[in-house]
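Descriptive analysis of the structure
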Amino acid sequence: MTYHSTEPVRRPKSTGADVKTFVTAVLLTFGVGLLGMVGWAVLDSGFGGFLGLVGGVFGIVWWRKIHGKAFPAVVPTKSVVVLAVVNAVLALILLLTAG
């Protein structure tokens, strides 16, 4: 007698998905820090830094609303690219305001 399972076989995640999740985690935390520093640089006070960090928290909540989790197992490539561009723009703003 043979037994055939009706449950689908789970496929292991690829390393590409793991790398995208790691890059997403790094970019989200780095972006929140950048946003805090941009707030500090623009308003030239600790209150600006606080507002930047609050904006970063709202950004992570928004990200979680879109993707279901803050660090989902499968992240679309487009989302990672958009996150990288946002971080690059924040870094450019910080460099321009610091100089």
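We now turn to the structure provided with this report. (Residues numbered from 1 in each chain as written. Predicted model: local features only at pLDDT ≥ 70, side-chain atom pairs only at ≥ 80, totals over all residues. Heavy atoms only, no water.)

**A look at the overall build of the protein chain**
If you tally the helices and strands in the protein chain, you get three helices and zero strands. Along the protein chain, from the amino end to the carboxyl end, the secondary structure elements read α-α-α. Expressed as a percentage of its 99 residues, the buried residues of the protein chain come to 25%. For the protein chain, contacts bridging at least 24 residues in sequence account for 65% of all contacts bridging at least 6. If you sum the accessible surface of the protein chain, you get close to 7400 Å²; carbon and sulfur atoms cover 73% of it. (Helix = DSSP H or I, 4+ residues; strand = E, 2+ residues; numbered from the N terminus. Buried < 20%, exposed > 50% of the residue type's maximum accessible area, 1.4 Å probe, protein only. Contact = heavy atoms within 4.5 Å. Areas by Shrake-Rupley, 256 points an atom, 1.4 Å probe, with all protein chains shown as cover.)

**Thoughts on the nonpolar core**
In terms of nonpolar packing, the biggest core is built from six residues, these being Leu 27, Leu 28, Trp 63, Val 75, Val 80 and Leu 83. Elements that contribute at least two residues to this core include exactly α1 (15-43) and α3 (77-98). Not counting residues within four places of it along the chain, the set of residues in contact with Leu 27 comprises Val 80, Leu 83, Ala 84 and Asn 87. (Core = buried A, V, L, I, M, F, W, Y, C linked by side-chain atoms within 4.5 Å.)

**A short note on a nonpolar patch on the surface**
Taken together, the side chains of Val 42, Leu 43, Phe 47, Phe 50, Leu 51, Val 81, Val 85, Val 89 and Ile 93 present a nonpolar region at the surface, about 830 Å² in accessible area. In terms of residue count, α3 provides more of the nonpolar patch than any other element does, four residues in total. The residue Leu 51 is located in helix α2 (residues 46-67) in this model. Overall, Leu 51 belongs to the partly exposed group, its relative accessible area being 41%. (Patch = residues over 30% accessible without salt bridge, like charges linked within 9 Å, V, L, I, M, F, W, Y side chains within 5 Å. Salt bridge = Lys/Arg side-chain N within 4 Å of Asp/Glu carboxyl O.)

**Some remarks on the packing of α1 against α3**
It is the contact of α1 with α3, at a shortest axis distance of 9 Å, that shows an interaxial angle of 25°. It follows from the interaxial angle that α1 and α3 lie roughly parallel. Judged by the twist between their axes, the crossing of α1 over α3 is left-handed. A class-by-class count of the residues in the contact of α1 with α3 yields 17 nonpolar, five polar and one charged. (Axes fitted to C-alpha atoms, helices over the stretch in contact; angles between N-to-C directions. Parallel < 35°, antiparallel > 145°, perpendicular 65-115°, else oblique. Left-handed = near helix turned anticlockwise from the far one by under 90°. Nonpolar A, V, L, I, M, F, W, Y, C, P; charged D, E, K, R; others polar.)

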